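Structural characterization, general
Each chain, letter by letter, is given below.
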Amino acid sequence: MPSENRIKIFPKSVVCEESNLRGDITFSSGCVVHPSATVIADAGPIIIGENCIIEEYATIAHRLEPGASWDANNILSIGTHNVFEVGCNVEAARIGDKNVFESKCFVGRGVTVTSGCVVGAGIKMLTSQRLSENTIVYGEQALQREAIDKQGSQTLQIDFLRKVLPNYHHLRKPNYDPKKARSVV
Amino acid sequence: MSFMQPSPVKYACSCGILNPINKLFFCRHCPKLRCGYCVTHEIESHFCSNCLENIPSTEARHKKNCCANCFDCPCCQHTLSARATTVPVVRKSEESKDAKKPEDESGDSPAAASTPPTPASSKPSAVPTTKKMYYLSCLSCRWTSRDAGIPDQGVATGTWPDNECLYQARFNSLVEYFQAVVLQEKQEKMEFMRRKTPKQHKFPSLTDRTGLTVSLIRRQMGWNDKTIPKAKAVITPAEATAEVEELPADIFTEPLNLRNVTTIAQRHSQPADQPTAVSSLYPQRRTLWIKRSLRCRQCEHNLIKPEYHPTSIKYRIQLFASCHVPEVVMVRCEQSLASGKSNAILLKFTNPTMYDMTIRLLTTAPTEDAEPAAEGSRIKEEPVSSSPHLRAAGITLSRQNSTREVKREVTDVSNAEIVPLESEFVLSQRDDSKEFDEYVQLPTEEPKFIVWRKGNKVLIRLQFTPAEELPANTDVVLGFAMQYTYVNTVTNAPEKKEPTTHALYSRVFINAGATEQKAN
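Numbers given to residues run from 1 along each chain, matching the order in which its sequence is written. For naming, the first written chain is A and the first written ligand is 1, with later ones following in the order written. It should be noted that, the model being predicted, local features are given only for residues of pLDDT at least 70 and side-chain atom pairs only at 80 or more, the latter also being counted only at that level, while totals for whole chains, interfaces and linings use all residues.

Chain B has the name Dynactin subunit 4 in an unreviewed UniProt entry, where Drosophila kikkawai is given as its organism. In the Sequence similarities (unreviewed entry) part of its UniProt record, chain B is described as follows: "Belongs to the dynactin subunit 4 family." UniProt positions are given in the numbering used here, feature names are shortened, and annotations may be inferred rather than shown by experiment.

In the annotation of an unreviewed UniProt entry, chain A is listed under the name Dynactin subunit 6 and assigned to Drosophila kikkawai. In UniProt, chain A has this text filed under Function (unreviewed entry): "Part of the dynactin complex that activates the molecular motor dynein for ultra-processive transport along microtubules." UniProt, in its Subcellular location (unreviewed entry) section for chain A, records the words "Cytoplasm, Cytoskeleton".

Some details on the overall build of chain A
Secondary structure is summarised from DSSP: a helix means a run of H or I of at least four residues, a strand means a run of E of at least two, and numbering begins at the N terminus for each. Helix and strand counts for chain A stand at two helices and 22 strands. Counting every position in chain A, which comprises 185 residues, the buried fraction comes to 39%. Exposure criterion: with C-beta atoms placed from backbone coordinates, a residue whose C-beta has 20 or more other C-beta atoms within 10 Å is buried, one with 12 or fewer is exposed, and one in between is partly exposed.

A short note on the sheet that holds strand S1 (residues 9-12) of chain B
All names here are of chain B. Strand pairing is assigned whenever DSSP detects at least two bridges linking the two strands. An order of S2-S1-S22-S21-S16-S18 is seen for the six strands of this open sheet, with the pairing classed as antiparallel. Each having just a single partner strand, strand S2 (18-19) and strand S18 (425-427) make up the two edges of the open sheet. By the bridge criterion, 14 bridges tie strand S21 (residues 475-488) to strand S22 (residues 500-514) in an arrangement that is antiparallel. Its bridge partner being in S22, Asn 488 is matched across the sheet by Thr 500.

Some thoughts on the environment of Gln 141 of chain A
You can see Gln 141 of chain A is positioned in the loop between strand S20 (135-138) and strand S21 (143-146). Looking at Gln 141 of chain A, the number of C-beta atoms within 10 Å reads 11, which means it is exposed.

What to know about the interface of chain A and chain B
Here contacts are defined at the residue level, using C-beta atoms placed from the backbone and a cut-off of 7 Å between them. Contact with chain A, which involves 10 residues of that partner, is made by 10 residues of chain B. Taken together, the elements giving at least two residues each to the side of chain A that touches chain B come down to S20 and S21 of chain A. Tallying contributions element by element places S21 of chain A first for the side of chain A that touches chain B, with three residues. Per-class residue counts for the side of chain A that touches chain B are five nonpolar, two polar and three charged. Three categories are distinguished: nonpolar for Ala, Val, Leu, Ile, Met, Phe, Trp, Tyr, Cys and Pro, charged for Asp, Glu, Lys and Arg, and polar for the others, with Gly belonging to the last.

Description of the pairing of S21 of chain B
Sheet topology note: the strand S16 (residues 357-362) of chain B/S21 of chain B ladder contains four bridges and is antiparallel. By the bridge assignment for S21 of chain B, Arg 360 of chain B is matched with Gln 483 of chain B.

Re the sheet that holds strand S9 (residues 59-62) of chain A
All names here are of chain A. Taking strand neighbours across the sheet as the criterion, the six strands line up as S3-S6-S9-S12-S15-S18 in an open arrangement whose pairing is parallel. Of all the strands in the sheet, just strand S3 (20-22) and strand S18 (124-125) have a single pairing partner and so form its edges. Bridge count for S9 against strand S12 (residues 89-90) is two bridges, and the pairing is parallel. Bridged to Ile 60 within S12 is Val 90.

Regarding the nonpolar core
Membership of the largest hydrophobic core comes to 67 residues, with the highest contact counts inside it found for Phe 84, Phe 101, Val 107 and Val 119 of chain A. When residues no more than four places from it in sequence are discounted, the contact partners of Val 107 of chain A are Val 90, Glu 91, Ala 92, Phe 101, Val 113, Val 119 and Met 125 of chain A. Membership of the second largest hydrophobic core comes to 45 residues, among which are Phe 25, Cys 296, Leu 303 and Met 482 of chain B. Put simply, a nonpolar core is buried Ala, Val, Leu, Ile, Met, Phe, Trp, Tyr and Cys residues tied into one set by C-beta atoms within 7 Å.

Below is the structure:
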């Protein structure tokens with residue numbers, strides 16, 4: 001594991017300073033990270049795609065397996081337009097696009113989340129499995145169904161948060177600009 | 001505390017069933033404990049639990065006990081909520097309307113409407129505006145009415161189409177037919193009763209339109225006898241066939257996708273067609289809830305009467321036992337339980353009423369013979385409560401036919417010997433303001449068994465011995481009869497206004513816990 005945190009924040013993303021970030025994390029542009037959200041990259045880098053929302057007390061963890069050590073090639077990639085709601089705990093192996101992790105849900109390691117999935121509030125997914133596209137896990141018994149309709153987009157919510165959060169919280173400054181990086185090269 | 005757990009203290013209802021105090025009612029006209037089995041349940045009002053709209057009972061029956069506006073999710077049975085989306089529409093001016101009509105019909109999808117054709121956008125009159133459209137969505141499983149293929153509606157409530165299943169017409173005709181049959185039977189019965197009963201008048205009048213004379217006159221005039229219209233036999237009986245549709249060929253070849261198959265709960269929630277495929281799930285109208293009033297079967301007084309309005313959770317009449325009968329709470333046993341070993345239990349008594357109570361614990365229940373004085377006074381008062389001439393005619397006002405109280409012997413399940421208390425004790429009245437007062441322990445002469453006393457609460461120590469032959473790991477049950485004075489503020493007789501004091505008793509059984517395993 002690298003000794004110090006290497007956090008890359010792309011422009012136009014809003015990352016609050018009170019969030020707990022550890023390890024090598026990349027926030028693509030348009031991400032919103034609320035205060036006291038936790039992102040832990042122990043086993044390898046985490047790359048979070050565009051326009052993701054990570055709400056309060058949400059935890060995204062890329063934990064070390066017993067006996068393993070930091071591996072820069074072991075990347076946890078999270079797609080675009082994902083929402084991690086309040087208090088969720090996600091340790092999934094892969095996350096695609098447009099997923100919603102509702103409040104207090106737990107997605108264990110070994111779960112592969114594709115695109116358009118919804119993990120309902122309070123649901124615990126422990127066994128390793130692959131959620132096929134547009135799966136919705138809901139209810140006390142964690143029933144699964146396939147959504148016919150696409151999940152609504154979160155752009156309004158992101159726009160609102162991007163406007164409101166800087167008024168009340170200190171932000172981490174965007175420290176990585178892909179355009180500039182390209183111009184340097 | 002015994003919150004959300006079965007209470008160890010149980011009271012015997014007057015019908016002989018053991019119940020915790022919070023499930024019992026107290027009829028202060030009888031005055032006796034009543035449980036849910038010995039009261040009449042009546043529907044006070046129908047209402048929708050989602051929109052809290054009060055619906056009269058006739059309307060509720062007409063709507064098949066369903067709310068007109070609210071829907072349940074067919075997928076997870078939660079309530080659906082209407083969600084609004086803005087759909088861009090092109091408002092046309094009058095002159096361009098005719099020219100654009102064919103285009104509009106061809107492109108009726110919202111995508112086509114959102115991208116207006118080029119001639120329309122070039123005209124200044126065609127201003128794209130947005131229109132609010134509504135669809136139903138489940139917040140739990142994210143099912144939407146779009147999944148069922150229901151088009152979005154312009155209004156949030158009232159316009160949602162009903163799911164008409166295949167045999168709806170057949171079902172309706174059957175209902176119609178049987179309603180006609182019932183009506184006809186009723187008419188025939190009435191006619192029969194009318195013929196059987198003797199005429200009220202001494203002299204049959206010629207103008208009597210319904211008696212024999214009418215049919216005589218009709219026959220003289222050459223008309224046929226008036227008959228009750230027969231129920232129209234419009235229904236065709238169902239025919240059984242031996243031919244069954246064959247299974248589709250792909251059922252053996254295609255892998256089964258369980259996500260497209262409905263669950264049992266989903267099928268049951270849609271009883272009309274009971275779909276097997278998820279795609280044919282349809283929003284279901286929400287079933288109504290009722291407010292229930294309870295009535296004592298003996299004296300027909302209301303025990304529970306809720307306020308009529310659905311938004312109110314209060315009661316107009318509430319005779320819960322916990323508001324009238326002293327509550328017994330088991331605190332703890334002094335030692336671990338062992339058969340044949342004397343022990344003591346701490347019990348807390350609480351007086352919920354506004355009058356002092358004198359409580360006496362009896363090891364054996366007073367027999368029914370000991371009660372005739374109280375019983376007699378009750379019966380004497382009873383005719384006053386219901387109108388006397390009805391009673392004289394042998395008609396009771398009962399709503400239900402079975403009002404005879406089933407006297408069940410209270411099974412004595414106690415298996416421990418109780419050392420009776422040396423004296424009775426007084427529970428002082430409930431005083432809510434006393435809760436906030438500074439508590440000063442007054443040096444009063446108390447019986448020895450009283451451990452602690454504060455306000456309307458008393459903690460007593462009751463000695464007992466579990467039975468000798470009790471095996472290990474069995475529940476020790478203490479049973480005693482609690483006699484308490486109850487001040488009744490309502491009286492059936494109008495002449496005496498002052499509250500009357502009754503000495504009532506109720507049998508109480510306490511599950512003190514299991515005996516411990518014997519060491520060797």
